[in-house]
Structures are given as structure tokens and as C-alpha cells.
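Fold and contact review
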Number of protein chains: 2
Amino acid sequence: MKSERNLTLSDLAKLAGVSTSTASRALNNNPVIKLATRERIQALAKEHNFSINAAASRLRTQRTNVVAVILNLIEHTEQSINDPFLLKVVGDLNQALNDKGYELLLSNSFMAKDDWYNYFINSRRADGIIVVGQAKSEQKAIDAAKAGAPLVVWGDSNTQSNYPIIGSNNRLGGKLAAQHLIENGHTRLVFLGDTGHAEMNERYQGYLDAHKAAGLTADPTLVFPIDLTSQAAYNAVNETILKRGLHFDGIVSCSDMVALGALKALKERYISIPGEVAIVGFDDIAMAELLHPALTTIRQNTRDAANKMVEQLLNQLNGEPAFSDVIDIELVVRKSSV
Amino acid sequence: MKSERNLTLSDLAKLAGVSTSTASRALNNNPVIKLATRERIQALAKEHNFSINAAASRLRTQRTNVVAVILNLIEHTEQSINDPFLLKVVGDLNQALNDKGYELLLSNSFMAKDDWYNYFINSRRADGIIVVGQAKSEQKAIDAAKAGAPLVVWGDSNTQSNYPIIGSNNRLGGKLAAQHLIENGHTRLVFLGDTGHAEMNERYQGYLDAHKAAGLTADPTLVFPIDLTSQAAYNAVNETILKRGLHFDGIVSCSDMVALGALKALKERYISIPGEVAIVGFDDIAMAELLHPALTTIRQNTRDAANKMVEQLLNQLNGEPAFSDVIDIELVVRKSSV
DNA sequence: TTGAAAGCGTTACCAT
DNA sequence: ATGGTAACGCTTTCAA
């Protein structure tokens with residue numbers, strides 16, 4: 001109930017007839033305390049609904065057991081916050097962090113103060129930072145890492161950086177997507193994505209790899225450097241068809257949401273999929289298999305990625321070296337391409 | 001840099017040639033301190049990258065300025081974590097909380113320990129709790145509120161409870177959806193949603209209201225009490241058509257994701273939409289307007305809802321009374337129904 | 001308008 | 001195996 005003053009550790013110790021030190025050790029399962037004593041005190045704590053005061057504990061230990069997760073949204077495209085892929089990553093991170101005894105403080109790049117190191121780490125709000133989404137400018141992450149913030153970024157792991165980056169094998173993903181379309185007889189492939197963005201550029205390189213491997217030359221006018229939103233994709237596909245007619249027969253998209261926008265533009269014009277235009281997405285969000293036609297896509301293993309990000313962050317917290325790493329991806333073939 | 005010991009408030013005070021008290025007041029913009037002094041010290045803090053130690057501050061003030069947001073997922077349907085609607089709500093809550101100077105600690109009902117009051121409030125991890133998604137059982141919320149946790153729940157605001165519930169006008173939503181279909185000549189309306197769930201039942205009541213208002217009698221065999229997932233909807237629609245043929249001409253869905261599953265089942269059978277079957281969703285997630293056909297739906301104003309939830313939570317934190325409240329909804333007509 | 005000092009509740013060092 | 005005690009860094013009461 002609200003009224004009764006909160007039990008403190010020393011109150012609990014008194015109830016148990018031991019010192020505060022012993023009570024503290026008992027609750028932390030310190031083996032130096034006799035097992036019987038430990039169990040007795042833990043039971044007493046439960047009985048009295050006692051919880052360690054996290055603020056005091058954090059002040060004393062200088063650790064919070066909290067990790068700040070920053071969604072690095074791209075300015076001016078508020079859409080990206082609606083991308084289901086992000087939620088999946090956040091959900092998996094929450095799971096992975098909880099498994100290791102950490103909690104997740106959610107933030108995003110619009111709201112987080114500029115100085116991530118000071119705001120989260122120096123102020124002891126969190127022990128480390130995980131950034132989801134490599135924006136075009138990574139200055140804040142670079143600064144934070146330079147200041148000494150334990151930090152892991154989701155993004156393109158080939159990028160040179162002073163912090164570990166975990167990400168999918170984007171180049172392979174782009175290659176698998178284009179290769180799949182080429183093998184099914186589509187050769188004029190639109191690339192829907194901004195090659196100025198590190199991850200997207202990797203996918204584009206993979207797209208080029210596939211062309212080269214097939215002895216084809218990619219047409220640079222088929223690259224549409226759009227924002228990562230359905231709306232942008234819809235507009236881009238509409239415009240190019242208006243201007244040049246149906247001058248392509250396949251689309252490699254940088255996300256499933258982007259593919260969705262493209263799909264809509266095509267369907268509105270009664271262009272048959274995959275007959276006239278085949279399309280491949282990226283991410284494999286839940287919705288992909290529910291579209292009509294179901295969307296062929298490159299699945300990113302977010303569970304695995306989340307675990308690896310947390311692992312590399314914990315390495316830093318423990319003073320061990322941490323490294324960038326690549327996550328396997330796989331092509332999931334559905335009706336939009338065959 | 002990592003090596004240099006952290007500046008404390010008293011260090012900063014020394015640098016400024018004032019007492020710790022003065023420095024503390026200056027950083028908190030306490031008007032009792034001369035403006036010039038305040039500005040001088042704030043500038044000094046910025047210059048030295050000083051940040052108040054949140055742990056110490058929280059211990060001393062007994063406030064965290066953190067709110068725990070718990071995603072109350074329904075066991076056994078892991079899909080719900082993928083519902084984009086949830087991310088939207090979380091994003092808006094983050095925004096609303098930040099506007100009021102609070103941070104968002106993310107949790108979900110699988111991971112949050114059973115005893116929310118103890119874990120979040122008693123332990124001073126957070127000042128209050130916002131629960132998103134009224135599961136069928138609200139026992140944890142009831143217990144937390146009984147224990148004195150400042151608590152607000154997103155759900156059906158008509159439910160009797162010992163805590164404020166903010167939610168959409170679900171009954172009106174259900175009515176608008178059914179009414180819209182009826183007005184467009186559809187009279188055998190499937191209701192896709194579990195009426196054992198408070199919010200869904202309200203929508204169902206609205207669905208019944210619309211029938212009554214039109215002088216129609218709803219057919220109880222058209223109610224499919226499915227889980228809130230696309231897959232469940234897909235299966236339910238497939239099965240009923242297999243068993244009974246196309247014995248309905250409209251669908252009122254309990255979420256856009258559910259509508260998506262239904263849509264897929266219909267399209268696979270080449271049933272024309274909205275010609276043979278018209279369909280209305282619920283939520284208005286970003287994807288709704290991008291489906292083909294674009295999905296008519298009931299828009300939930302999550303921004304407004306987030307602000308109201310935060311408002312009612314702050315009321316409790318300030319010892320003021322807090323109340324349940326209803327959020328306006330609106331019918332958004334698109335191609336899936338006309 | 002400013003300063004001194006107590007105290008928030010824990011943990012960990014040093015004793016025993 | 002357990003206890004005494006200092007210290008973590010801040011805010012706030014009281015005094016000047």
C-alpha cells in the first residue's frame with residue numbers, strides 16, 4: 001500500500017537478525033554467505049515484498065544494468081519510425097538484453113540529446129549504447145565512441161569505424177536478389193534504394209555483382225535513390241513509368257516496405273506480377289508473406305543480430321575487445337518473383 | 001576520454017569557486033541563484049562536458065523521471081509483437097514522455113517480472129507504468145495499482161478498474177465500420193475478432209448497433225473469435241469458405257493486420273474486392289493505404305492517446321486524481337470498401 | 001544570495 | 001561466515 005514507508009535493506013536485515021552487509025550479500029547470492037542464511041533472507045525479502053533500491057545500488061556500484069537503444073531515424077522521413085523491421089529489431093534486442101540481465105532504455109535520434117556519451121553514459125543512465133540504423137551521418141556515434149562510450153551500431157559492418165558494427169551481409173543480399181531475378185529471365189532490374197547510404201550501397205554492389213556474374217551490364221538509369229519509405233517507392237515507380245513507359249522487368253528493393261510501395265504502383269496499372277515485373281524485397285517482415293502476391297525477399301536474421309550486438313556490447317563493458325560482425329541472410333522465394 | 005576520472009558536482013563547484021549547493025541550484029535553474037551565476041556555471045558545465053549523475057540524483061530525490069512501458073503481449077501468439085500498431089503507440093509514447101521530461105524504459109509482459117509494483121516502482125527503476133494492450137487477464141495491472149503503482153493502461157475504457165484506462169471509442173469504431181458496409185449494400189458481415197477480449201467486444205457491440213440501426217439482424221455464425229494475427233484471419237476465412245462457400249459479402253476486422261490476412265485469403269480465390277466482399281480494417285497503420293486495394297479502416301489517434309496516457313500518469317505522480325478517457329476515432333474510406 | 005552539512009540506501013573494504 | 005563503517009554524488013534544510 002502507498003502509506004507504509006518503504007522497507008530498506010537495513011530494515012530487512014534487522015528483521016532477519018543479521019547485519020546489512022550480510023543481507024546485501026545474501027540477496028546478491030554471494031557464496032561467502034552460508035546457504036541456509038542466504039535462503040532465509042531471500043525468503044524474508046519475498047515475504048515482505050522487498051526490492052533493492054536500484055538508484056542506491058547504481059550509485060554505489062557505478063553500474064546501471066541498463067542499455068540505451070537509440071533508433072537512428074533519418075530526418076525528414078518520419079515514415080521510417082513506422083517500419084515494422086525496426087520494431088522487430090527492438091523486440092529482439094529487448095529479449096537479448098533481458099537474457100543477460102539488462103534493461104532497455106528506448107530513445108531515438110530526434111529526442112536523444114546531441115551528446116550521447118554525456119547524456120547516457122557520463123550521467124550513469126545506462127552502461128552502454130546500441131544504435132539501430134546507420135544514418136548517413138554517423139558523427140554522433142563516432143563522437144560517443146571517441147569519448148569512451150561502450151557502443152555497438154547496427155549497420156554496414158564494412159564501414160570503417162571506431163566502434164563495432166553488426167549488420168547483415170548486405171552485398172550478398174543484393175546479389176542473391178538480383179541473381180534470382182536474372183535466373184528467372186528478368187534482366188532490366190530497377191534498384192530501389194539510396195546508394196549514398198552505406199547499407200544500401202552494399203546491396204547495390206551485390207546487385208552489380210549479380211549482373212557481372214551473368215555477363216550483363218547494369219543500366220545506371222535504373223537506380224532510383226529514394227528514401228526508405230513506401231511512399232517514396234510508390235512515387236518513383238509511378239513517375240518513371242509515366243516518363244519512360246514500362247522499361248524494366250524486375251525490381252530489387254531495399255526494404256519490404258519499399259517493395260510494398262512499388263507493388264502498389266504496379267498493381268494500380270494492372271501490370272502483372274511477376275509476369276511483367278518481378279519484385280524482391282528486403283527484411284522479411286511479417287507482412288511479406290501476406291501480401292498478394294506474397295513477397296519474395298531477403299530475410300535478415302534479427303534474432304541472431306540482436307544477440308551478437310549485445311555480446312559485443314558486453315565485451316566492451318568487460319574491458320574485452322569487441323568486433324564488427326556479419327549476419328547471415330537468406331533468399332526467401334515467394335510468388336512475387338516466380 | 002576513458003581515463004580521466006569523472007567530474008563531480010563538487011569538482012565543478014570548485015572550478016567555479018562556489019559551493020556545491022550553489023552549483024546544484026544553478027544547474028537546476030533555481031531562480032534563487034543570481035542569473036549571472038547560473039549562466040556562468042551552466043556554461044562551465046557544458047565546457048567540461050559535465051552531466052549530473054542520475055543515480056545519485058535519483059537516490060537523493062526519490063524520483064527517476066523514467067516511465068516503464070510494458071507491452072502486454074498475449075501469450076502463445078508471438079505475432080502480436082510484430083503488429084506495427086504497437087510500434088506506433090510506443091513511438092508516440094516516447095515522444096509524449098520526452099516532451100514532459102521523462103524517459104521510456106521498455107519492457108514486455110513476457111519479460112517483466114510478475115510483480116510490477118515491486119520490480120519497477122518499489123525498486124525505484126521508474127516513477128510510473130504505462131501498459132499497452134489490455135490482455136484478457138489484467139491481474140498484474142490490478143495488483144500493481146492496488147499496491148500503489150502510478151499506472152495507466154491502454155485498452156477498453158469502459159472496463160471497471162482501479163486504474164485509468166485510455167482507449168479508442170471502440171464501440172463507435174465497430175459501428176462506423178459496419179454501418180459503412182451496410183450503407184454500401186453489404187449485409188452479411190463477418191466479424192473477425194475475439195469477443196472475449198474487452199476492446200474487441202466493444203467493437204462487436206458497435207457492429208451489432210449498426211445492424212440494429214439498419215433494421216438488420218446480425219448472424220451470430222459470422223463471428224469468428226480469432227487471435228489478433230494475420231495468420232489466424234487468413235486461416236479462418238479460408239476455412240469458412242471451404243466449408244460454407246462464399247456466404248458473406250463484407251468483413252469487419254479487428255485490426256489492419258487481421259484485415260490483411262483476410263484480404264490475402266480472398267485474393268487467392270479471386271474474389272473481387274470490394275465487389276463480392278468489402279472489407280474494413282482497424283488502426284490505420286501506415287501500410288493500410290498501400291495495400292491493393294487500399295484498405296478502408298478505422299483510424300486510431302495514437303498521438304492523442306499517448307498524450308492522454310502520459311497526462312493521466314503525471315496526474316497520479318502529482319497526487320491528483322486520474323481518470324479513464326476515450327479517444328476519438330474516424331472512418332477512413334479507401335478502395336477496399338467502395 | 002550563498003554555504004555547511006546531513007542523508008538518500010546500497011555495497012565493499014577491512015576486521016574479527 | 002558475519003559485522004562495522006565509509007563512501008558513492010547528489011539535493012535540500014537550516015543557517016548566515
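Residues numbered from 1 in each chain as written. Chains lettered and ligands numbered in written order. Predicted model: local features only at pLDDT ≥ 70, side-chain atom pairs only at ≥ 80, totals over all residues. Heavy atoms only, no water.

Here we look at the protein's contact with DNA strand D
For the record, the criterion: Distances are taken per atom, and a residue is near a molecule or strand as soon as one of its heavy atoms is within 4 Å of it. Any N or O atom pair separated by 3.5 Å or less is treated as a polar contact, with the protein-specific requirement of one donor-capable and one acceptor-capable atom, and with residues adjacent in sequence counted only for side-chain atom pairs. Here a helix means four or more residues in a row that DSSP labels H or I, a strand means two or more in a row labelled E, and each is numbered from the N terminus. Throughout this entry, Asp, Glu, Lys and Arg are counted as charged residues, while Ala, Val, Leu, Ile, Met, Phe, Trp, Tyr, Cys and Pro are counted as nonpolar. The remaining residues, Gly among them, count as polar.
Within the structure, DNA strand D sits among 26 residues, and Ser 19, Thr 22 and Arg 25 of chain A together with Leu 9 and Arg 60 of chain B are positioned closest to it. In the interface set of DNA strand D, defined as its atoms within 4 Å of the protein, sugar plus phosphate atoms amount to 62%. Separating a base nitrogen of DNA strand D from a side-chain N or O atom of Arg 60 of chain A is a distance of 3.3 Å. One of the side-chain nitrogen or oxygen atoms of Ser 24 of chain B is found 2.8 Å away from a phosphate oxygen of DNA strand D. For the surface near DNA strand D, the secondary-structure elements that each account for two or more residues are helix H2 (20-27) and helix H4 (54-61) of chain A together with helix H2 (20-27) and helix H4 (54-61) of chain B. For the surface near DNA strand D, the element with the highest residue contribution is H4 of chain B, accounting for 4 residues. Residue classes in the surface near DNA strand D are distributed as 8 nonpolar, 13 polar and 5 charged.

Details of the protein's contact with DNA strand C
Around DNA strand C, 25 residues are found, and the nearest of them are Leu 9, Ser 24, Arg 25 and Arg 60 of chain A together with Thr 22 of chain B. Atoms of DNA strand C within 4 Å of the protein belong to the sugar or the phosphate in 60% of instances, the rest to bases. Side-chain polar atom of Arg 25 of chain A to a base nitrogen of DNA strand C: 2.6 Å apart, as the coordinates give it. One of the side-chain nitrogen or oxygen atoms of Ser 21 of chain B is found 3.0 Å away from a base nitrogen of DNA strand C.

Digging into the sheet that holds strand S11 (residues 325-327) of chain A
Applicable threshold: Paired strands are those between which DSSP finds at least two bridges. To obtain an axis, a line is fitted to C-alpha atoms, over the contacting stretch when the element is a helix, and the angle between two such axes runs from 0 to 180 degrees between their N-to-C directions. Contact criterion: two residues are considered in contact whenever any of their non-hydrogen atoms come within 4.5 Å of each other.
A sheet is described by the order of its strands in space; here 12 strands give the open sequence S11(A)-S5(A)-S4(A)-S3(A)-S1(A)-S2(A)-S2(B)-S1(B)-S3(B)-S4(B)-S5(B)-S11(B), paired in mixed fashion. Bordering the open sheet on either side are S11 of chain A together with strand S11 (325-327) of chain B, each of which pairs with just one other strand. Across this sheet, the average inter-strand angle for adjacent strands is 25°, counted without regard to direction. Each of strand S1 (66-71), strand S3 (128-132), strand S4 (151-154), strand S5 (165-168) and S11 of chain A touches helix H12 (residues 302-317) of chain A; the most contacted strand, S4 of chain A, lies at about 160° to it.

Quick notes on the interface of chain B and chain A
Heads up, the condition is: The term buried area means the drop in 1.4 Å probe accessible area that two parts suffer when joined, counted for both and summed. By definition here, a salt bridge exists when the distance from a side-chain nitrogen of Lys or Arg to a carboxyl oxygen of Asp or Glu is within 4 Å.
The interface is formed by 57 residues belonging to chain B together with 57 residues belonging to chain A. A combined buried area of about 5,300 Å² lies between chain B and chain A, and 56% of that area is made up of carbon and sulfur atoms. Here chain B and chain A share 2 salt bridges between them. For Glu 103 of chain B, the salt bridge is made with Arg 125 of chain A, and the minimal N-O distance between the two is 3.5 Å. Where the side of chain B that touches chain A is concerned, the elements lending two or more residues are H4, helix H5 (84-99), strand S2 (103-108), helix H6 (116-122) and helix H11 (256-268) of chain B. When residues of the side of chain B that touches chain A are assigned to their parent elements, the largest contribution, 8 residues, is made by H5 of chain B. Class assignment for the residues of the side of chain B that touches chain A results in 24 nonpolar, 20 polar and 13 charged. In terms of strand pairing, strand S2 (residues 103-108) of chain A meets S2 of chain B through 3 bridges, oriented antiparallel. Of the residues in S2 of chain B, the one forming a bridge with Leu 106 of chain A is Leu 104 of chain B.

A short note on the relation of the copies chain B and chain A
Here is the rule we go by: We place the copies in one frame by least squares, fitting the C-alpha atoms of every residue whose pLDDT is at least 70 in both.
For the pair chain B and chain A, the relating rotation is 180°, the translation along its axis is 0.1 Å, and the fit reaches an RMSD of 0.1 Å. The relationship between the two copies is best expressed as a two-fold rotation axis. Same-surface contact between copies: 100% of interface residues of chain B are shared with the interface of chain A.

Regarding the nonpolar core
A general trend in soluble globular proteins is that nonpolar side chains are found buried together. So the rule is basically this: Residues belong to a common nonpolar core when they are buried Ala, Val, Leu, Ile, Met, Phe, Trp, Tyr or Cys residues joined through side-chain atoms within 4.5 Å. Remark: exposure states derive from per-residue accessible area (1.4 Å probe, protein chains only) relative to the maximum for the residue type, with buried under 20%, exposed over 50%, and partly exposed in between.
Judged by nonpolar contacts, the single largest core of 152 residues is most densely connected at Leu 93, Leu 192 and Ile 251 of chain A together with Leu 93, Leu 192 and Ile 251 of chain B. What Ile 251 of chain B contacts, discounting residues up to four positions off in sequence, is Leu 181, Val 190, Leu 192, Val 237, Ala 262, Leu 266, Val 277, Ala 278, Ile 279 and Val 280 of chain B. One finds Leu 105 and Ala 141 of chain A together with Val 66 and Leu 105 of chain B within the second-largest nonpolar core, a separate group that totals 44 residues.

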